[in-house]
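# Summary of structural features
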Amino acid sequence: MQRKVSDESNRQSAARLWAPLARFIDWEAQLGEAAEARGPAAHFAYEFVRFGVKQAWACLFGALMLMLLIATHLFYPKGAELARYDFLVIAAVLIQVVMLGFKLETIEEAKVILVFHVVGTVMEIFKTSVGSWLYPEPSLLRIGVCRCSRDSCMPRLARISRAAGGFSISGLRGTRTFGRWVY
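Here the structure is a predicted model, which means the values were calculated and not measured. (Residues numbered from 1 in each chain as written. Predicted model: local features only at pLDDT ≥ 70, side-chain atom pairs only at ≥ 80, totals over all residues. Heavy atoms only, no water.)

## Considering a nonpolar patch on the surface
Together, L21, F24, W27, L31 and W57 make up an exposed nonpolar region whose accessible area comes to about 510 Å². Sorting elements by how many residues they give to the nonpolar patch places helix α2 (residues 19-38) first, with four residues. Structurally, the position occupied by L21 is in helix α2. (Patch = residues over 30% accessible without salt bridge, like charges linked within 9 Å, V, L, I, M, F, W, Y side chains within 5 Å. Areas by Shrake-Rupley, 256 points an atom, 1.4 Å probe, with all protein chains shown as cover. Salt bridge = Lys/Arg side-chain N within 4 Å of Asp/Glu carboxyl O. Helix = DSSP H or I, 4+ residues; strand = E, 2+ residues; numbered from the N terminus.)

This is the structure we're talking about:
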């Protein structure tokens, strides 16, 4: 009975809506059954890898933005007509459009993300207005002193990496100066 419920949930999977991924659903289900039949260690290894793949898939936008942040920090021309922060905003929006266009993300998911970004932007406007951090580089796309970014990546990534106890990205640009973070 347990396997029948799982098979039915596979048939209802939202992944079936995306043609390149839909053909792998049955193969993945068969792989799971084979791992389960081989014993607890094989099943654990299968579930561990499956979890990792799902987490990587969920981090696609963040990974692309982190890559862009590092690349623009290292290679973006200093005197470019388009400011680095403006380039990052445009790139973030284009990544989102491509993800929606290729159905890597649904409109419903994009709506939820938009709500979080509106709330985050309001908080960032407040934090920059009271001097908690600032953006020293020029840009055109801003609200007050806050960049109109899709994810205002550097401060949030720095907070996440510190909270997770992971690597520090503060060496990229962020330094703490007189009680304020400067990126």
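## Comments concerning helix α6 (residues 107-129)
One turn of an α-helix holds 3.6 residues; hence residues three or four places apart share an orientation. For α6, with 23 residues, the first-to-last C-alpha span of 32 Å sits near the 33 Å given by 1.5 Å per residue. Along α6, the residues classified as buried are A110, H117, G120, T121, E124 and T128. Just downstream of α6 lies G131, where phi reads positive at about 85°. (Expected span 1.5 Å × (residues − 1). Buried < 20%, exposed > 50% of the residue type's maximum accessible area, 1.4 Å probe, protein only.)

## With respect to the packing of aromatic side chains
Scanning the model with the defined rule gives two aromatic pairs in all. Here F44 and F48 contribute two aromatic rings whose centre-to-centre distance is 6.0 Å and whose plane-to-plane angle is 20°, an arrangement assigned as stacked. Of this pair, F44 and F48 are both found in helix α3 (residues 40-58), four residues apart, which corresponds to roughly one turn of the helix. Residue F44 shares its accessibility class with F48, and that shared class is exposed. Considering the side-chain rings of Y76 and F87, the 5.4 Å spacing of their centres and the 35° angle between planes classify their relative orientation as tilted. Of this pair, Y76 sits in the loop between α4 (60-75) and α5 (84-101) while F87 sits in helix α5, and the two are 11 residues apart along the sequence. What makes F87 partly exposed here is its relative accessible area of 28%. Taking NZ or CZ as reference, R84 lies 5.7 Å from the ring centre of Y85, over its face. (Phe/Tyr/Trp six-rings, centres within 6.5 Å; stacked < 30°, edge-to-face > 60°. Lys NZ or Arg CZ within 6 Å of the ring centre and 35° of its normal.)

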